[in-house]
Structures are given as C-alpha cells and as structure tokens.
Amino acid sequence: MGFLEAVWDILTTDSTYVNTALFAGLLAFAASGEWVAERAGTINISVEGMLLSGAFTAAVGYDITNSAIVALITGVLGGLIIAFVQAEMSHRLAADQFVVGLTLNILVFGLTGFLDRAIEPRTEIVTVWNIPLLSDIPLIGEALFGQPWPFYLLYLLLPFSWWLVFRTRWGLEVRASGENPGAADVSGIDVNRRRRDSIYYAGFTSGLGGAFLIIVQIGRFDPGIVSGRGFIAIAAVIFGGWTLRGTVGGCLVFAGALSFRLAIQGVGYEINSQFLQSLPFLVTVLGMAIFAHRVRPPAALATPFVRGLK
Amino acid sequence: MTEAAAAPTDQQTKGGRLTEWLMLYAGSVAAALFLTAVLVETTGGEWRPVMSALLDGSLRRPGRWGETLGTMAPLLLVALGTVISSKAGLINIGQEGQLAIGAAFAAYFGLLIGGPGPINVVIVLIFGVVGGAFWAGIAGILRFRRSVPEVLSTLLMVTIASQAVAYALGKPWLLLASEANRGNRNQVSEQLGADNRIPRPDIFGNEFPISVYMALILAVAVAFALKSTTWGFRLRMLGQNPTAARRVGVSQGRYGMAALMVSGGFAGLAGAAMLAGGGFAFGNYQIVPGFSGNVGWTGLLVALVASNRAVAAIPAAFVFASLRTGSGFVASTGVESKITDVMQGLLVLALLIPPAVMFIRDRRRARAATMART
Amino acid sequence: MTQGLGSTGVGESTGSPAPKVEFSGITKRFGAVVACDAVDLSFFSGKVHGILGENGAGKSTLMKVLIGLVLPDGGSISIDGTIQRIHDPLDAARLGVGMVHQHFSLVDPLSVWENVALGDAGRLDPEAVRARVGEISDQYGLHIDPNARVGDLTAGLRQRVEIIKCLRRDPSIVVFDEPTSVLTPDESAQLFDTLRNAVAAEGRTVVLVSHKLDEVLSATDDITIMRQGRVVERMNTVDADAATLARAMVGREVSLRSEAGALGLITDDDSVDVEVDSAERDTTLSLTGLRATGPGGVTLLDDLSLDVGAGEVLGIAGVEGNGQRALADLLSSLVPLTAGSVRVGNTVIDHTKPGAMARAGIAVIPEDRHDSGVVLDMTVTENLFLVDQSSVANRGIIDMRAARDHASQVILDFDIQCSGPDAPMWSLSGGNQQRVVLARELSNNPKVLVAAQPTRGLDVGAIEYMTDRIRHAAADGVAVLLISSELEEILDVSDRIAVMHRGRIVGLMSRAEATREQLGLLMGGAVA
C-alpha cells in the first residue's frame, strides 16, 4: 500500500498505541525522578545505572519469591542503592557528579552482567489487568487501561511527583535549591540535603522503572536491556523544558516514534533505525538551540553548592 | 569540579597531613580491591587466580605490556583533550561521541584520499582530529551563540554520534565495505590497507603502534603548552578568573570555542589512532559497530582521576589500560570478565573519596577552630 | 577606642535603658584583612540606628555576624542582656533577629508568597501564607500581589518582598542592609516611612546599614560611623549634617597621615601651602558624555565627562556607590557604554571589545583585586604578566626563567613580602597583592593609570608606599585617575579634584582651591 495509507493504517491500529504506552512507561518512570533531581539542580547521569540496577534486583526478587510485588520492592531497593552512592558522594562529599554518575553506570553494567551469569534469575511478564469499559475506548483504551497492572502505578506516580514538587514544603525547598541555592541557603534551607533527597527519589522511581522493564515489558534480564534509555530519560526532561508535562510529552513523543517505526516495518517500509534511535537526542539538541532563551534550565543546574567558609 | 586546598591548617604538620592523605588513599584502594575479591569469592570464584590473570593479561605474559601500551594511547589522548577543556572552565562530557566521529572521518577520508603509506597515515590522523573538533565545535556554537550549556549538548550528542556512525556503516557510499571485503559481517568499513596503518615495531617481543609515542609526546606538549605558552596561560586565566580574563582581552567566545574544539580534536585523534593502530582491542583496522568501546567515557574518567593534570594522566591511563587488557585473561579463570568493569568502577570511586573527605575534614576543622574561639 | 565623639546622648532617651543588642569586642579576620576590629556597639528598642561606612568599613560583616552568616573570631553578642551564640541564620531567627538582604535572598522564578514561605517549617499552607502577606502589606503599607512572580518585579517591589519576608517572623530586631542601592528616590522615601512605622508603632529595634549620607540623615535617630573595621564616631542625627558625616566617613585619623606628604602639611584648618603646577598639560584621557546602566536599569554613569592630562593626578572624590566602581570597570573593558566615548590621545577606544582599554594603554588597579585584578591560584610571576605576555614570551612561548628573574627583581623593587616568585597569589597579604598589581600595571609604560580605592584594606606602611608610587607615576608623565573615598588620600596626592555624585561629576577644582568643607558638601550631594 502507499505510504500515506500505511501511516493511516498504523495510526488507527490499537497496537501502535499499546506499544507507545509501554515504551513511554519505562521512560516516564525514570524521567519523573530525573525531573525532580534536575529541579533540585543536579544532573543525575546515573539514571542509566539506576534503571539497570533496579531491573536486576527486581529480577532476583521475582526469581526468589515469584511475586510481582516483591519484585517491585526489590527493584526500588536496587535503584536506591545507586542513588545512595550518587547522592552521598556528590552532595555530601563534594565529589564531581559526572565522574560519580558515569562510573556508577559502568560499575552497574559490569556488576549486573557479572552477577547475572552467577545467578541467572528467571522472570516472566505479569498478568494484564483490563479495566472494564475504559479499556474498550477505541485506539487508546487498551494502551492506557489494558496493560499489565504495574503500568497503572504511573497514574499514581506522576501526579504524586507533581504534588511533591509543587504542593509540599519539601518541593518548594527543592525548587529553591535548583534556582538559587545561595538565596535558599540564606533563608535557612539545607541545599545539599534537598539535592540528596531528590536523587533518592530518582533512585526510587528508576528502580520502579527497572522493575517495570522486567515484569511488564521484556520479561528477562540481560545487562543490555536498558542500553541508553536512562539517557533518553534525561533528554526527555530537557526536551520538556524541565516541566513534568513536557517531560511526559517527551517520553510519549520518543516512544511514539519507536512504536511507529515498529509498525511501519511490519508493512514493509523502513525508517532508518539509526535516525530513529538518535531522534530523541537530535530533537532535544535542536529544541535547546532554537528555544534557547525560552526554555530555561533551573538556574543552578549542575553547579555544586558549597556554603562559603565562615 | 572541586579541588581540595592543599594548605595545611595550623594544627597539622605537613608530615601529619601527608600521612592522612596516604592513609585515605591506601584505605580506599584496599577497600575497592577487597570488595572485588569478596564479589569474586561469593560467586564461586577465587580472587587470587583473578588477580593473577589480570596481571598476566596486562603485563606479565609475553607481548601483553605492548598491548597495554597500545590501549593506553587513545585513553591518554582523550584525557589530554579533557584536561584542556577543563582548564578553560568548560565541561565536555561528549568524548565518546567525538571519538566515534573522529574515527569515522579518519576511515572515510583515509580510504578516499589514499596516497602512499606514511602520508596516508598522517591523513587518517588529521581527519580524526578534524572529525572530533567538528563534533565538539557544534556544541561550542550552541554554547557561545545560543547559551546552551555544553555539559548537556556534548552529552546528548554522544548517542547522535554513535547512531550517525552506525548509519554510515550501512551505506556503501559512506563507510560500508564492498561485498567481497565484508567477510561474514554486515556492517564493517573497509580495512585500512597494509601500508596505511600505524607501524607497530616489535620491542622485546612486544608490539605496539608508534601512536603510543605520539600520545606520550603530546602529553608532555600539552603540559608544556598549558604551563608555558601564552595561549595556555590565557586559557587558564579564562578558567580561573573569567573577569580578569576579559579585562585582559581573552574573549570567552574565542578561547572557549578553541578549547572545546581542541578537546574534541584530541578525542577524534584517539579514534583515528585506534583505527590505524590495530591491536586486538580495536578491531582489525576497520570500523565496526560499537567501535568506540567506551574509550571515550574511560578517557574522561582518566582525566578526572588525574585531577586534570596532563602528566598525571599518563600513569592513570596506564592503570585503566591495564584493567582493559587484563580483563581479557580473566575469562580463562572461570570468572566472568565483567569483574574488571566492576573493579574499575570501584577503583575510580575509591580514588574520589580521599580528596572529598579531606575537603570536608578541612572545613570542619576550620569551623571548629573558629567556634572554639568565640 | 569606641568612645568617639558624641557617645553621650545616645541611649539616654526615654526608651528602655538597657540595650536590646550589644556587641562587645567583635573581631573578624579574613586572612590578613581585619574586617571588624574589637567593635563595641549597642542598639536600643524603639530606635532607628544608622551605621554609616564605606565598603570594607566592616559594617556589613558586623551585621553578618549578627545574622549568623559569619562567625566572629573574638568578642560576643548579647541580646536582652544574655550572651548568645549565633551559628547560623536559624539561630538568629530564633533570637528574633531579621535581616532585609540586599539581593541574595529571593528566588526569581518563585512567586511572592513562595519566597516569603522559604525557610519556615511545617506543612505548606499557601492560603495562610498569602493571608499573612496581606496582613503585613496592610499593616505597613507595603502593597504587593502575593501571586506575582518575583523575577518580574521591579527592584522596589522586590525589596518589599524582602521586607515582608523579614517581618513575617515578627522579629524584634530588624536590620536593613544597604536597602536603597537600587531604589528610586520615591521608593526610598516610601521605605523610610515603613522604617518609622516598624519602629514607632511596635518598639522594635531597627538598624539601617548604609553608605549613603542622605538616607542616613533622613531616616535614623542616631548614626554610628565605621571605618576600616572600627567605630570612629557616634552622633545623634539631629546634630549631624552631610558635610560632617562625609568627613567623618572618609577622613583618615590624624595618626595615619603620611609624614612624607610632599604637597605640604594638611592642617586642621585646611589651608594649604602648595606649589601649584600651572603648566599646561596635554590631555591624555578624555571621557565624554559617558552613560552606562546596570542590571535592572539602574543608572551607573550619567553623562559623565572628564579630561585627565599627562603627568597629573586627578582625584575623584565621592561617597562610594555613586558610580566609581562602574567607571573603573568601564576603563577595564568590563562594562559597556550606552552613550559617550573614551579617548586616549585622539583615538576612540572600542568599549565592547575585551581588552581594548588595556591595549590602548590604560592600566587599572581595580577596586576589588580578587574580582579582576589577580588570579589567586596563579603564582606571583604569572600574575605579573597577566595583562601583557609579550615582555616575557618569545613567539608564543613563555620564557619562565626570564619571567621568574623579572619577578624576583620586581619583588625586590617593590618590596613584596612573599616566599618567592613561585608563591601562589593567595598566600600573599592584601597589601602585597596590591603591590603586585601595581608593579604589573606600571611595567607596561601605560599612558593612563586608573587607581580605584588603591589603599583600601592596607596598613599604614602599605598606604604610604602606594601613594608614593602613584606620585612617581605622575612624575613620569602618566595621566593618573585616582578614585578614592579616602578624602585624605585625595587631598594628599591630587593636582585637581573632581567630585562624583550619582554617576556624574558635580565639581571640579584645583587642589589649591579645594577645602574639606566644600568637598564634603559636594560629596553629600549639595549643589556647590
């Protein structure tokens, strides 16, 4: 069929949206936490490692107990362990956050690969929970309401993240720490403590994301299952202009492109795979270049805060 | 990137302070090694054969230290580039991408232009520099024209780079080798001709490309340039006091852009050196998918571990290279070779701890002293 | 030490006899610089106290000690008669101390009420905070929209937010730190009304820290003048006027006067016996119609015109904060002009190009050497060729040995105390750092030398040395522009004296014509 027909066909098929939701789901888990971390002024490069660590510990948890809930919990723990190293080393011990982040990624990759050979956890994909009525909505119904149940955690996590940052005192202090740590400090806020807190939150959500990857999306552990999606999550936050809505939008756009490509392959067309894989990053770089003065990062992003000597 | 103050406080003697530093380093490294050993033991292996294999693979067995040196060269080159951009006050974390583009340019133009052996090698290297500088230059334009933080742009461009190279590997008009030369692989570039490779003279049974010498010489040259040339001096001024630099005529746009491009150029040169230098670690004089193999990231770590000092980067690069070449032998002990990645990671973290702890301790001591007086 | 003139009468009012806040012997050192030197000071409830002094006089540091941002090296603070240890802003807040900061306590992207809520504890209740903002607004006449984004507000409104943020905790002691530096006259007047209301109606202790004479005169009950870390004078505001204050603030104590004053003795009656050099000079530096603005639209330079001749020392007197910093920065290629031109000889200099001023032969000893004068992490040798490497470099390569030799010679010539040419700059004292700057700036045979507050923070010997060198430079034909808030220094060295006020020159006279009275009046803003 003609290209336009193919496109229409794809846009009117449920599976396109289901796949988009799945891909976006993982990104959203990671990106929501990273969003909070960047609002606090840190760039948490170890998201990649957090995802992978969470995936591994979730797999191990499932292997031992055959329970998806336990897998989620152990996944969170996996993410938190990495967050611990990143947060304490960068924002208590004043080590460079990029070195720590990059090293953690390499470390986690090696460690999980190593332990995977030793342990070889077995997992499976969790059951689908169809929400009645809603999942019958054409096109997006199954995508949003007919997924394995851990997917629905996002419907809690995303609003919760927003509420944390905009409706609590903690969130106010996090935002102040990211925009003007000096002013926040003078006002009596412990800037580095809020930054550490936000990294722990990122560890929490990314740990969930890793678990999601195992028990919802892929079903098996392999050290390569994350392969750069942590970085895409970072790109999504930047693409979204450091707003949660924009971040989720970014996740959907990037995931949509992936899903579209899968579908169009099925009809015999080919979108260049490399173009697709670099799309999130290309779009983000272009976005930053064009909207440089309208899209504004938190003013103190990536600037370590050390209170002046007394 | 913080640098701990080196001045001793009034309570400490210089000797006492030195001891404190040494103890911290010894303790951290020991902890890293200990953790690695624990990891090996608890998963059914034995740490002694693993350590032995590491030493075998990196230094002891015949021909291995040559291999290690050959691996050290690109790591050192990437590190040198990082040192330069850091001294100018810029954060470049895109070396992995700049290296890939450099290698791609080197392969493409090297094969395209041809020419007699030695000249072709030089062309390959030059285009490596051009490719890396070009890639970093994009981030530079974004930074100095559009105020996009270079830490973000260089990072994002890493994936774009690897995808661009992968794309090129699929196109015969770009990098893809002809059917006949492909062997049974799908995506490889042409091999560099036998004459068009960096010579690998044999020294005491060890073979390594002369790009090693080039890297060592460049390390000294960079150290010299930063310390003793007007350009290096003005660059350091820019990094340490941009206001004074502006007063004196050092334009942040020009000098910063130059520093970024030089930094990328070094990473690109590393890519070209990997391509033309051969050795088991770097494929066979041809670009393959995943060619950059984390050399860019690791080179960045080398620079940071060496506190952004050009000469200190030499031993640091050597240590990291040893881990890479040693890991090849670890598999034979029955232990998963990924353990060396773990060890590398733990070592880097271990090396970060002493300066960080000293920094905190110094400030606590100063604060306590002040509070005691009130 | 602390019982300056006029200490009687302060505190002996109908207010409570015991001081609310008492500083005893507060001392604070930053490296070799003594910011506060055994300061004794008392504040009383129901009064507006003014603390007057230049930048570096120690008043800001003193207040930072009170608010817990700085820990003193010696002395103590008592509040309500009990000695207190204030280790951080939270301690200070608990003791009822509140400070309205100059510009580092507001987060721009947040709204007014969010900023006001920063630093509180407990659940975030936007309605309650908004209500409290409204309360305070009404009480003090500080109307503001609680939902407005702080970054969008004018300077005056931003300050209102600062005040509300300070007052919401109901502090018994309120410190205003340089509050009017970014306000228009109307906004300033409004502010002073607020000060009065905060005091009169409620018996709080208000402290106004400033370097502006007019506001201290209009808003306070009594004035304490600090200079170089010490309290030098106290008086009731009713007894004070601009000229007296200006003199007290910038004059040097008698004991510090340079004995080698080559221009003759400067006696109390200001009559000067001076060799007036009336020779015609070539104009080296021409400043014409300079206008410059700072962030937020604040006017820095307002149609400033001035000519400096070769071999003359033109002293610019003035209370700090009237554009002197901007002028020096402009001549360092750090601040762009919105109008006007700078000429050396007959050539106009491009003020937008980095380093253009330096290349045109304008040497600068900057007011804040750490900002643009030295690179602390570099060595003495390197700092000596910061501006121009051509003297030590051959085809781009620096001859370190020659540079070091040169540095060693300079160290001898200028008597710089340091461990050698490789000593890192941060290990030198302020006075020695200044000597390095001086040596460097003079070494390139400049046509113009701009010396901005060159002796600030220096000890007596260093001051004399600097003054001497400045004279020598002029004798060598350099056009010297001396910007100083030390009136003695200006009177000591200058051939001509200009007074700068609110970004323009308000008076220009030869040394012979200048009297302290007249200068004081001009500096205070009076029309001559």
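As the structure is a computational prediction, the values presented were derived from the model and not from experiment.

Things to note about the pattern of salt bridges
All names here are of chain C.
Part 1: Tallied over the full model, the rule gives 33 salt bridges over all chains.
Part 2: Salt-bridge contacts for Glu127 lead to Arg130; the nearest nitrogen and oxygen are separated by 2.6 Å. Residue Glu127 and its partner Arg130 are both found in helix α4 (residues 126-140); the two are separated by three residues, about one turn of the helix.
Part 3: Arg504 is the salt-bridge partner of Asp302, the closest N and O atoms lying 3.7 Å from each other. With Asp302 in strand β12 (residues 299-309) and Arg504 in strand β22 (residues 504-510), this pair connects stretches of sequence that are 202 residues apart.

So, the sheet that holds strand β4 (residues 74-79) of chain C
Residue and element names in this part refer to chain C.
Part 1: Reading across from one edge, β2-β1-β4-β5 is the order of the four strands in this open sheet, with antiparallel pairing throughout. Edge positions in the open sheet fall to β2 (33-43) and β5 (82-84), since each of these has one partner strand only. The mean inter-strand angle of the sheet, taken between neighbouring strand axes irrespective of direction, is 30°.
Part 2: Relative to β2, strand β1 (residues 21-30) runs antiparallel, the two being bridged by seven bridges.

Quick notes on the environment of B:Arg367
Part 1: Within the secondary structure, B:Arg367 sits in helix α13 (residues 339-373).
Part 2: For the pair formed by B:Arg367 and B:Val29, sequence separation is 338 residues and the distance between their alpha carbons is 29 Å.

A look at the interface of chain A and chain B
Put simply, an interface is often sized by how much accessible area is lost when its parts join up.
Part 1: Each side of the interface is counted separately: chain A has 49 residues, and chain B has 48 residues.
Part 2: Counting each side, the surface lost to burial between chain A and chain B is near 4300 Å², with a carbon and sulfur contribution of 79%.
Part 3: It is A:Ile106, A:Phe114 and A:Gln274 in chain A that bury the most area against chain B; as a group they hold 15% of the surface buried on that side.
Part 4: Taken together, the connections running from chain A to chain B amount to zero salt bridges.
Part 5: Along the contact surface separating chain A from chain B lie two residue pairs in polar contact (both at pLDDT 80 or more).
Part 6: Looking at the side of chain A that touches chain B, the element that brings in the most residues is helix α5 (residues 97-119) of chain A, giving 16 residues.
Part 7: Its residues placed into classes, the side of chain A that touches chain B shows 33 nonpolar, 11 polar and five charged.

A short note on the sheet that holds strand β16 (residues 362-365) of chain C
Hydrogen bonds between backbone atoms are what pair the strands of a sheet, whose relative direction is either parallel or antiparallel.
All names here are of chain C.
Part 1: Sheet architecture is open: six strands sit in the order β16-β19-β20-β13-β21-β22, paired in mixed fashion. One side of each edge strand has no neighbouring strand; the edge strands of this open sheet are β16 and β22. Strand-to-strand twist of the sheet, defined as the mean angle between neighbouring strand axes without regard to direction, takes the value 20°.
Part 2: Pairing geometry for β16 and strand β19 (residues 448-452), over four bridges, is parallel. Among the inter-strand pairings, Val364 is bridged to a residue of β19, identified as Val450.
Part 3: In the packing of helix α14 (residues 430-443) onto the sheet, the strands contacted are β16 and β19, and the crossing angle to β16 comes to about 175°.
Part 4: Its contacts with the sheet place helix α17 (residues 516-524) against β13 (313-317), β21 (496-501) and β22, and it is angled at close to 25° to β21.

Description of the nonpolar core
Part 1: Counting residues in each nonpolar core, the largest one holds 196 residues, and the members touching the most others are A:Ile215, B:Met237 and B:Ile339.
Part 2: Among all residues touching A:Ile215, those that are not within four sequence positions of it are A:Tyr62, A:Ala68, A:Ala71, A:Leu72, A:Glu124, A:Ile125, A:Val126 and A:Pro150.
Part 3: If you look at the next biggest cluster of nonpolar residues, it comprises 43 residues, including A:Leu172, C:Val112, C:Ala117 and C:Leu118.

Some remarks on the pairing of β1(C)
Part 1: Taken together, the five bridges between β1(C) and β4(C) define a ladder with antiparallel strand orientation. Within the sheet, the bridge partner assigned to C:Val21 lies in β4(C) and is C:Ile79.

Parameters and conventions
- Residue numbers restart at each chain and count upward from 1, following the sequence in its written direction.
- Chains and ligands are labelled sequentially in the order written, the chains with letters from A and the ligands with numbers from 1.
- Per-residue local features are limited, in this predicted model, to residues with pLDDT of at least 70; the limit for side-chain atom pairs, both in listing and counting, is 80 or more; totals at the level of whole chains, interfaces and linings are taken over all residues.
- Hydrogens are left out, water is left out, and the side-chain values use all remaining heavy atoms of the structure.
- By definition, a salt bridge exists where a carboxyl oxygen of Asp or Glu is found within 4 Å of a side-chain nitrogen of Lys or Arg.
- What counts as a helix is a DSSP run of H or I of at least four residues, what counts as a strand is a run of E of at least two, and both are numbered from the N terminus.
- We treat two strands as partners when DSSP finds at least two bridges between them.
- Structural elements are reduced to axes, namely lines fitted to C-alpha atoms, with helices fitted over the stretch in contact, and the angle between N-to-C directions of any two is expressed from 0 to 180 degrees.
- By the convention used here, residues are in contact when the closest approach between their heavy atoms is within 4.5 Å.
- As used here, buried area is the combined drop in accessible area, with a 1.4 Å probe, of two parts when they are placed together.
- Whenever a nitrogen or oxygen atom comes within 3.5 Å of another N or O atom, the pair is scored as a polar contact, on the condition that within protein one atom can donate a hydrogen and the other can accept it, and that pairs from neighbouring residues in sequence are kept only if both atoms are in side chains.
- Amino acids are sorted into nonpolar (Ala, Val, Leu, Ile, Met, Phe, Trp, Tyr, Cys and Pro), charged (Asp, Glu, Lys and Arg) and polar (every other residue, Gly among them).
- The definition of a nonpolar core used throughout is a set of buried Ala, Val, Leu, Ile, Met, Phe, Trp, Tyr and Cys residues joined through side-chain atoms within 4.5 Å.
- With a 1.4 Å probe rolled over the protein chains alone, any residue whose accessible area is under 20% of its type maximum counts as buried; one over 50% counts as exposed, and the rest are partly exposed.

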